[in-house]
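A structural walkthrough
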Amino acid sequence: MQQDAVVGGEALEVWIDQDLCTGDGICAQYAPEVFELDIDGLAYVKGAGEELLQAPGASAPVPLPLLTDVVDSARECPGECIHVRRVSDSVEVYGPDAE
Ligand code: SF4
């Protein structure tokens, strides 16, 4: 089983605000295991079965080995629409709404 990312002992998850996604595909290049463009040209996070999670605000766990790639995606995302948050309290730790 893949270990999910923890920061300060906290599990993390990631979600995308598709309303702001430009469809450039940077995230899917950085972390294709987590992000993928759908035929609508927008990026989505993937669920455990590799399916794209298309419900608004749907989140996926951040696998620990991919934390750097996911964080880099959030930093480079031109739409500023990749949000990484703690599972326990939904506080954003990387992304446009992080402190
Ligand atoms: S990097 Fe951001 S704007 Fe670009 S495809 Fe991914 S979510 Fe969309």
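Everything numeric here is computed off the predicted structure, so don't read it as measured data. (Residues numbered from 1 in each chain as written. Predicted model: local features only at pLDDT ≥ 70, side-chain atom pairs only at ≥ 80, totals over all residues. Heavy atoms only, no water.)

Quick look at the overall build of the chain
What counts is decided by this rule: By the criteria applied, helices consist of DSSP H or I runs no shorter than four residues and strands consist of E runs no shorter than two, each listed in order from the N terminus. Just to be clear, the radius of gyration here is over C-alpha atoms, and the globule rule we use is 2.2 Å times residues to the power 0.38. Here the term buried applies to any residue with accessible area under 20% of the maximum for its type, exposed to any over 50%, and partly exposed to those in between, with areas from a 1.4 Å probe on protein chains only. Here a residue-residue contact requires only that any non-hydrogen atoms of the pair lie within 4.5 Å. Working definition of accessibility: Shrake-Rupley area with a 1.4 Å probe, residue cover restricted to the visible protein chains. Positive charges are assigned to Lys and Arg, negative charges to Asp and Glu, while His and the chain termini are left out of the count. Charged groups are reduced to one reference atom each: NZ for lysine, CZ for arginine, CG for aspartic acid, CD for glutamic acid.
Within the chain one finds two helices and seven strands. Ordering the α and β elements of the chain from the N terminus gives β-β-α-β-β-β-α-β-β. At 12 Å, the chain has a C-alpha radius of gyration in line with the 13 Å of a compact globule built from 99 residues. Each principal axis of the C-alpha atoms in the chain carries an extent, and together these give about 35 × 30 × 20 Å. Counting all 99 residues of the chain, 36% fall into the buried class. The contacts in the chain between residues at least 6 apart in sequence include a share of 56% that link residues at least 24 apart. Surface summary for the chain: the accessible area is close to 5500 Å², and the carbon and sulfur share equals 48%. The positive charge centre, built from 4 side chains, and the negative charge centre, built from 20, are 5 Å apart in the chain.

Some points on the pairing of strand β2 (residues 10-16)
The condition is simple: Paired strands, as defined in this entry, are two strands with at least two bridges between them according to DSSP.
Extensive coverage of β2 is indicated by the burial of five of its seven residues. In this structure, β2 lies alongside strand β6 (residues 82-86), joined through five bridges in antiparallel fashion. Bridging across to β6, Ile16 finds its partner in Ile82. The pairing of β2 with strand β5 (residues 59-61) spans three bridges and is antiparallel. Its bridge partner lying in β5, Trp15 is registered against Ser59.

Quick look at the pattern of salt bridges
Basically, it comes down to this: What counts as a salt bridge is simple: a side-chain nitrogen of Lys or Arg found within 4 Å of a carboxyl oxygen of Asp or Glu.
Per the counting criterion, the structure on display carries four salt bridges. Linking Arg85 and Glu13 is a salt bridge whose minimum nitrogen-to-oxygen distance equals 2.7 Å. In this pair, Arg85 is assigned in strand β6 and Glu13 in strand β2, connecting sequence segments 72 residues apart. In this pair, the class of Arg85 matches that of Glu13, namely buried.

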